[in-house]
Amino acid sequence: MVSGVRIARHSLLRFSSIVPSPRLRRDLSSLAHSFSSKARQINNECCEFLPWLQQKAGTEVSSVLSVGNSAFGRSLYASTAIHAGDCMLKVPYSVHLTSDKFPLEISPFIDYGVGSVSCVAVVLMAEQKLGMESRWAAYITSLPQMDEMHNTFYITLQIFWSEDDLQMISQSPVYKETIEHKANIEKEFFALKPALECFPQIFGDIRLENFMHACALVSSRAWKTSKGVSLIPFADFLNHDGTSDSLLLSDDYKEISEVLADRDYDVGEPVMIRYGKFSNATLLLDFGFTVPNNIYDQVQLWMDVPSHDPLYAAKIELLNKHRFPRGTKSDGFNDARGPFIIKEVKSAEGKGKGIPQALRAFARVLSATSVKDLEEMALEAAENDGRLARRPLKNREREVHAHRTLLFRVERMVRDHDAAIKVLQSSVVSVDDTTLFVRRGMARDLLNGELHVLRSAHTWLANYCAALC
C-alpha cells in the first residue's frame with residue numbers, strides 16, 4: 001500500500017519529479033475570507049453521483065460519505081459517524097479516468113513526446129463532446145465547466161490570470177513559472193491539434209481554450225498512480241486540511257485507491273485529507289490557493305558567475321565538473337545556477353539550516369580570486385566526500401566576502417518583495433470585484449511567505465558575517 005502521488009509541476013511535458021502527496025484542491029480556511037458564507041446544499045445531482053459510481057464500479061465505494069456542495073464546489077461529508085481508522089472510501093482502478101482510455105483510432109497520429117496530462121485532457125475533451133451520452137457524464141458534469149467563468153476554478157488557477165494580475169507576483173519566481181507553464185500547454189496543444197482535427201466527430205471544434213480548460217482540470221485534480229496520471233472520481237471531491245494524517249493510498253494488488261480516517265467525524269462534518277507539505281508557490285501555481293503563514297514556504301534563488309569575472313571559464317568548468325544545478329534564468333543567462341531553495345532559517349545563531357549548503361559552496365567558488373584558490377577547493381573535495389566547497393574557507397576574509405555576496409543578493413530580494421507587498425496593501429480593491437479581490441489576497445500570501453523566509457536568511461547571513469569579522 002503506497003500513498004498516492006500528486007502529479008509534478010509542469011508535468012504536461014514529463015514527470016520530472018515525484019512528490020509523495022495526494023493532489024491539491026482548495027484550502028477552505030485560506031479562501032473563506034474571500035467568499036460569502038454559503039450553507040451546504042445537497043442537490044439531486046450530488047445524491048445521484050455515488051450510486052452512479054458504485055454501479056459503474058460494480059462494488060461499494062463508500063457507505064459513510066456523501067457528496068455535497070460547498071462554497072468551493074463539490075465536497076465530501078460524513079453521512080454516518082466515522083471513527084479513526086475506518087476506511088472511508090475505496091475507488092477501484094477500473095473507474096479511474098486515465099490515458100489508457102485514449103481513443104485508439106487517434107493514437108497512431110500522436111507524437112510520443114506528448115505528456116500524460118495532455119493525454120488525459122484529450123480523454124476528457126472526447127467525453128465532454130459526447131455530453132449526456134458519455135459513460136462518464138455524471139462525473140464530467142460534476143467538474144467545473146467552461147461556461148462557469150466566475151467560479152473559483154477560473155478565479156484562482158494561475159493559468160487563467162491576466163497579465164495585469166500576474167504582475168502582482170512579478171517579484172516571485174512563480175511569475176516566470178506561470179508564463180512557462182502556459183507556454184507548455186500551448187506547445188502541447190499545437191502538437192496535438194493536427195491529429196485531433198482529423199476526428200471532428202470525436203472532438204468537435206478544437207480550440208486552445210478548451211484544451212487549456214481540460215489540462216487545468218487534470219493537473220489540479222489528478223494523482224500519479226501505477227496507471228499513470230489518474231482522475232479518481234469521488235476521491236477528488238476531498239478538500240484539504242493541513243493537519244490531517246489521512247492520505248489517498250493505492251493498493252496495486254487489490255487495484256483500489258482508498259482513504260482511512262485519521263480521526264473521528266460527526267454526521268454532517270466535512271471530511272478532508274492532507275495534501276502535503278507545500279510552499280505557497282507550489283499551491284498557487286499548481287492548484288490555485290494559498291495558505292496564510294504557511295510554515296512550508298520557501299524561495300527560489302538563482303546565481304550567476306559574472307561573464308566579466310577573470311576566472312569565469314575556470315569557475316564554470318569547476319562547477320560543471322561537480323554538477324552544480326544549472327538552468328536558464330529569466331534574464332537569459334545560460335550559465336545560471338539554480339534554483340537553490342531557501343527555507344526558513346529558524347535560528348539566527350545556529351548553523352544556517354534552511355540555506356542550502358550547495359548555495360554557500362557556490363558563493364565560495366564565486367569568491368575565488370586565483371586559479372590556486374579553485375585548485376585548493378577541488379583538492380579538498382577530492383580528499384573528503386567529493387562535495388565542492390562545503391567547508392568554511394580558511395581565509396576568513398574570503399569566507400566573509402562569499403557570504404556577503406549572498407547577503408546582498410537576499411537583501412535585494414527582501415527590498416523588492418517588501419515594495420511589492422506595500423503596493424498591494426496600498427491599492428483599494430472593491431469586495432464586489434471577487435476575482436481581483438481573491439487573486440490579490442493570494443498574491444499577498446505568496447509574497448509575505450517568501451519575504452518571511454528571505455528575512456530569516458538575511459538575519460542569519462548578517463550574523464554569520466559579523467561573527468567572522
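As a starting point, this report considers the structure included with it. (Residues numbered from 1 in each chain as written. Predicted model: local features only at pLDDT ≥ 70, side-chain atom pairs only at ≥ 80, totals over all residues. Heavy atoms only, no water.)

### A closer look at the overall build of the protein
Part 1: When helices and strands are tallied, the protein shows 15 helices and 15 strands.
Part 2: The buried share of the protein, reckoned over its 469 residues, is 54%.
Part 3: About 21,500 Å² of surface is accessible on the protein, with carbon and sulfur atoms providing 52% of the total. (Helix = DSSP H or I, 4+ residues; strand = E, 2+ residues; numbered from the N terminus. Buried < 20%, exposed > 50% of the residue type's maximum accessible area, 1.4 Å probe, protein only. Areas by Shrake-Rupley, 256 points an atom, 1.4 Å probe, with all protein chains shown as cover.)

### A word on the state of the cysteines
Part 1: With the rule as written, the count across this model stands at zero disulfides.
Part 2: Of all cysteine sulfurs in the structure, the one in Cys469 sits closest to Cys465, which takes part in no disulfide; the separation is 6.5 Å.
Part 3: A relative accessible area of 3% places Cys465 in the buried class. (Disulfide = S-S within 2.5 Å.)

### Here's the deal with the packing of helix α12 (residues 357-367) against helix α14 (residues 396-426)
Part 1: Axis separation between α12 and α14 bottoms out at 8 Å; the angle between their running directions is 120°. Taken together, α12 and α14 sit at an angle that is classed as oblique. In this structure, α12 meets α14 at a crossing whose hand is right-handed. In this structure, α12 contributes Leu359, Arg360, Ala363, Arg364, Leu366 and Ser367 to the contact, and α14 contributes Arg398, Glu399, His401, Ala402, His403, Thr405 and Leu406.
Part 2: Classifying every residue of the contact of α12 with α14 gives five nonpolar, four polar and four charged. (Axes fitted to C-alpha atoms, helices over the stretch in contact; angles between N-to-C directions. Parallel < 35°, antiparallel > 145°, perpendicular 65-115°, else oblique. Left-handed = near helix turned anticlockwise from the far one by under 90°. Contact = heavy atoms within 4.5 Å. Nonpolar A, V, L, I, M, F, W, Y, C, P; charged D, E, K, R; others polar.)

### Remarks on the packing of aromatic side chains
For any pair of aromatic rings, the description consists of the separation of the ring centres together with the inter-plane angle of the planes.
Part 1: Taken as a whole and assessed by the stated rule, the structure comprises nine aromatic pairs.
Part 2: Aromatic side chains Tyr154 and Phe160 sit 4.6 Å apart centroid to centroid with 50° between the ring planes, which places their arrangement in the tilted category.
Part 3: Its relative accessible area of 3% is what places Tyr154 among the buried residues.
Part 4: Relative to Phe362, the ring of Phe340 lies with its centre 6.0 Å away and its plane at 50°, an arrangement referred to as tilted. A residue pair is termed long-range when its members are at least 10 positions apart, and Phe340 in strand β15 (residues 336-343) and Phe362 in helix α12 qualify at 22 residues. Just as Phe340 is buried, Phe362 falls in that class too.
Part 5: Taken together, Phe49, Trp52, Trp136, Tyr139 and Phe237 form an aromatic cluster joined through their ring pairs. (Phe/Tyr/Trp six-rings, centres within 6.5 Å; stacked < 30°, edge-to-face > 60°.)

### So, the environment of Glu349
Part 1: Of note, Glu349 is situated in the loop between β15 and α12.
Part 2: For the pair formed by Glu349 and Asn463, sequence separation is 114 residues and the distance between their alpha carbons is 7.2 Å.
Part 3: Among all residues touching Glu349, those that are not within four sequence positions of it are Trp460 and Asn463.

### Here we look at the pattern of salt bridges
Part 1: Counting across every chain of the model gives 16 salt bridges.
Part 2: As a salt-bridge pair, Lys193 and Glu197 come within 3.7 Å of each other at their nearest N and O atoms.
Part 3: Note on Lys193: relative accessible area 24%, which makes it partly exposed.
Part 4: According to the relative accessible area criterion, Glu197 is partly exposed, its value standing at 44%.
Part 5: Across the pair Arg263 and Glu269 runs a salt bridge whose closest N-O atoms are separated by 2.9 Å.
Part 6: A residue is classified by how much of its surface remains accessible, and Arg263, at 32% relative accessible area, is partly exposed.
Part 7: Residues joined by salt bridges that share partners form a network here, namely Asp100, Lys101 and Lys227. (Salt bridge = Lys/Arg side-chain N within 4 Å of Asp/Glu carboxyl O.)

### Thoughts on the side chain of Arg221
Part 1: Mapped onto the elements of the fold, Arg221 is located in helix α9 (residues 208-221).
Part 2: Owing to a relative accessible area of 3%, Arg221 belongs among the buried residues under this scheme.
Part 3: Within polar-contact distance, the side chain of Arg221 engages the side chain of Asp236 at 3.2 Å. (Polar contact = N/O pair within 3.5 Å; in protein donor to acceptor, adjacent residues only side chain to side chain.)

### Comments concerning the nonpolar core
Part 1: Formed by 76 residues in total, the largest nonpolar core has its most connected members in Phe203 and Phe234.
Part 2: For this core, the element with the most residues is helix α3 (residues 116-130), which contributes nine residues.
Part 3: What Phe234 contacts, discounting residues up to four positions off in sequence, is Phe49, Leu50, Leu53, Val61, Ser62, Leu65, Val67, Leu76 and Leu89. (Core = buried A, V, L, I, M, F, W, Y, C linked by side-chain atoms within 4.5 Å.)

### Comments concerning helix α11 (residues 312-321)
Part 1: Taken as a whole, α11 has its buried residues at Lys315, Ile316, Leu318 and Leu319. End-on, the buried residues of α11 take up no more than an arc of 165°, which puts them together on one face. Relative to its buried face, α11 has exposed residues pointing more than 90 degrees away, namely Ala313, Glu317 and Lys321.
Part 2: Positioned one or two residues after α11, Arg323 has a phi angle of 55°, which is positive. (Arc of directions from axis to C-beta.)

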